[in-house]
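A look at the structure
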Amino acid sequence: MELTFHTLDVFTESTFGGNPLGLFPNTTHLPTELMQRIATEMNLSETVFLGPPETDQGTARVRIFTPRVEVPFAGHPTVGTALFIAHQELAGESAVSKTAAILTIILEENIGLVPVDVTIEGGDPVFARFKTAMLPEHRESPHSYQDLARMVGLDPEDICPEGLSPEMVSCGLPYHVIPVRTIEAVRRASLDMALWKTMLADSWAHHVYLVCMEAEGDKADIRVRMFAPGSGVAEDPATGSAAAALGGYLSNLDTREDSSLSWTVEQGIEMDRPSLIYVEANRSSGATSEVRVGGRAVLVSTGTMRIPYEE
């Protein structure tokens, strides 16, 4: 059997930036084990298998795999898939109007329906922003800041600037958020795998997310890094689901009853894959009421994978 696939670089406007995504159209009928083997072969942070919708509301069914596991939700696959579908729809004879400003795509992910608004400019889809299917869930970190600092190769004084504490947060995929004082410390960080296995490998939030409330790029506010060895990803160059968790983390620190918040996050600098992720959160009646994450993507390649499988 031969399967057509595409790759996109997501959360960037340039090839070789952002986070690479593999996408296989018309493949959600394949056995789960085969999807996992294909994702392992692609060896990207995530690979998407796309198929027809299974609900009246959905635009497409989406299943997302890391090289090791299937995940219920992920950010850069959501943004990249929505932009890919928008390109396909706008290229079709029965396409939506090319003069439309926004095309809304509903992705059926394992977590549920994920709505994505795609911005259209000059007849081309240029930006996608999704709303998380679940509101942020917060849990206290069970580890001391000294132990967390050692786990990421830093000194205790490098983490937890005033007002920021480690916390586990999820908007569909859990992250262990570790605030870091300086960009220099972010650069210096290195995950100690022996400590990670002892402290986090079997925990609810085993993905490690370093957050610094400073940035180098003129367009960014926050610098981050993300390590996910439990999913077969040593380090990720751009993580939309972590950015969603960050929106929940920062929104929870806001003391206003009602507010609209936004941040631009830079990631992947240490990997030479610069990425920009746009995060928004709304607060209503003293709680986070909505989290949104957006970005751009570029189509990089199209190819064929030959697979020893007969349908």
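Summarised in this report is the structure supplied together with it. (Residues numbered from 1 in each chain as written. Predicted model: local features only at pLDDT ≥ 70, side-chain atom pairs only at ≥ 80, totals over all residues. Heavy atoms only, no water.)

With respect to unusual backbone geometry
With a phi angle near 80°, F16 is a residue other than glycine that sits in the positive phi range. Summarising the element assignment, F16 is placed in the loop between β1 (2-10) and β2 (19-24). For F16, a relative accessible area of 62% translates into the label exposed. With phi around 60°, D272 is a residue other than glycine that occupies positive phi space. Topologically, D272 is positioned in the loop between β15 (259-267) and β16 (275-284). (Helix = DSSP H or I, 4+ residues; strand = E, 2+ residues; numbered from the N terminus. Buried < 20%, exposed > 50% of the residue type's maximum accessible area, 1.4 Å probe, protein only.)

Side note on the pairing of β2
For a regular strand, side-chain orientation follows a simple rule: the groups alternate between the two sheet faces. With respect to burial, β2 is a largely interior element, five of its six residues being buried. Strand direction decides the pairing type here: β2 and strand β3 (residues 46-51), joined by four bridges, are parallel. Bridging across to β3, L23 finds its partner in V48. On the question of chirality, the crossover connecting β2 to the parallel β3 by way of helix α1 (residues 32-42) is right-handed. (Pairing = 2+ DSSP bridges. Right-handed = clockwise from strand over helix to strand, strands pointing away.)

Re helix α2 (residues 75-91)
Between its first and last C-alpha, α2 extends 25 Å over 17 residues, near the 24 Å set by a 1.5 Å rise per residue. Within α2, 13 of the 17 residues are buried, which leaves the element mostly enclosed by the surrounding structure. (Expected span 1.5 Å × (residues − 1).)

So, the pairing of strand β13 (residues 222-228)
Of all seven residues that make up β13, seven are buried, and the element is covered over most of its length. Pairing analysis gives five bridges linking strand β12 (residues 207-212) to β13, with the strands arranged antiparallel. Paired with V211 across the strands is V224, a residue of β13. Relative to β15, β13 runs parallel, the two being bridged by two bridges. Counterpart to I222 in the pairing with β15 is V265. The pairing of β13 with strand β14 (residues 233-236) spans two bridges and is classified as antiparallel. Residue pairing across strands places A228 opposite V233, the latter belonging to β14. Between the antiparallel neighbours β13 and β14 lie four residues, among them G232 with a positive phi of about 80°.

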